[in-house]
Amino acid sequence: VLVNNAGVMPHIFADPVETDDVLEQQTFRTNAEGAHFMTKYALPLMLRDEAAVAADPFERTVVCLGSAAAWLAEPEEGNGMLAYHASKAAVNGLVVALHQTFDAPAAEGSMAL
């Protein structure tokens, strides 16, 4: 099981226009790229035994912790979480792409359905 749980939100009350580009890049790298690359490099190990995957696909599980911020905008004035919102939307996209690529069964109520 791979659990992608890393996430940062360092600029929560900053003005989005004034937020430092490097800080936004670091947020996106941690939140979105971290989940992407951890998954990319774990998949060959998780999928190396095709018979076991066919017998029990749930034994090879990737869990990505996202956030409602992926689709909900925060109403507070001066909220500088643009990179956080975008990075969590990217994590959601990763989950959808994994499901579509591997046609994996998903639990009822999961995002992949």
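All of these numbers come straight from a predicted model, not from anything done at the bench.

Q: Quick one: what's the story with the side chain of Asn31, residue by residue and with numbers?
A: Its location among the elements puts Asn31 in helix α1 (residues 21-46). We classify Asn31 as buried; its relative accessible area is 1%. There is a polar contact of 2.7 Å between the side chain of Asn31 and the backbone nitrogen of Val8. Within the structure, the side chain of Asn31 is placed 3.1 Å from the side chain of Ser87, a separation counted as a polar contact. The contact partners of Asn31, leaving out residues within four places of it in the chain, are Ala6, Gly7, Val8, Tyr84, Ser87, Lys88 and Val91.

Q: How would you summarise the nonpolar core if you had to cite specific residues and measurements?
A: Grouped together as the largest cluster of nonpolar side chains are six residues: Ala35, Leu43, Cys64, Val91, Leu94 and Leu98. Every element with two or more residues in this core is listed here: α1 and α3 (82-102). When residues in this core are grouped by element, the largest group, three residues, is from α3. Those residues within four positions of Ala35 in sequence are excluded, and the remaining contacts are Asn4, Thr30, Val91 and Leu94.

Q: How would you sum up a nonpolar patch on the surface? Please name residues and give values.
A: The grouping of Val1, Val3, Val63 and Leu65 at the surface amounts to a nonpolar patch, some 350 Å² of accessible area in total. Residue classification places Val1 among the exposed residues on the basis of a relative accessible area of 73%.

Q: An account of α1 is needed here, citing residue identities and associated values.
A: Here α1 is 26 residues long and its end C-alpha atoms lie 36 Å apart, about the 38 Å a rise of 1.5 Å per residue gives. Most pronounced at Glu33, the bend in α1 amounts to some 40 degrees. All of the buried residues in α1 are Glu24, Thr27, Asn31, Ala32, Ala35, Thr39, Ala42, Leu43 and Met46. Where α1 is buried, its residues touch β1 (2-4), α2 (50-55), β2 (62-64) and α3. Sitting at the head of α1, Asp20 places a side-chain oxygen 3.2 Å from the backbone nitrogen of Val22.

Q: A description of the side chain of Thr39 should follow, citing residues and the corresponding values.
A: Tracing the sequence through the fold places Thr39 in helix α1. Assessed through its relative accessible area of 1%, Thr39 is described here as buried. The contact partners of Thr39, leaving out residues within four places of it in the chain, are Leu2, Asn4, Val62, Leu94 and Leu98.

Reading the values: rules and limits
- Residues numbered from 1 in each chain as written.
- Predicted model: local features only at pLDDT ≥ 70, side-chain atom pairs only at ≥ 80, totals over all residues.
- Heavy atoms only, no water.
- Helix = DSSP H or I, 4+ residues; strand = E, 2+ residues; numbered from the N terminus.
- Buried < 20%, exposed > 50% of the residue type's maximum accessible area, 1.4 Å probe, protein only.
- Polar contact = N/O pair within 3.5 Å; in protein donor to acceptor, adjacent residues only side chain to side chain.
- Contact = heavy atoms within 4.5 Å.
- Core = buried A, V, L, I, M, F, W, Y, C linked by side-chain atoms within 4.5 Å.
- Patch = residues over 30% accessible without salt bridge, like charges linked within 9 Å, V, L, I, M, F, W, Y side chains within 5 Å.
- Areas by Shrake-Rupley, 256 points an atom, 1.4 Å probe, with all protein chains shown as cover.
- Salt bridge = Lys/Arg side-chain N within 4 Å of Asp/Glu carboxyl O.
- Expected span 1.5 Å × (residues − 1).
- Bend = angle between axes of the 7 residues up to and from the residue.

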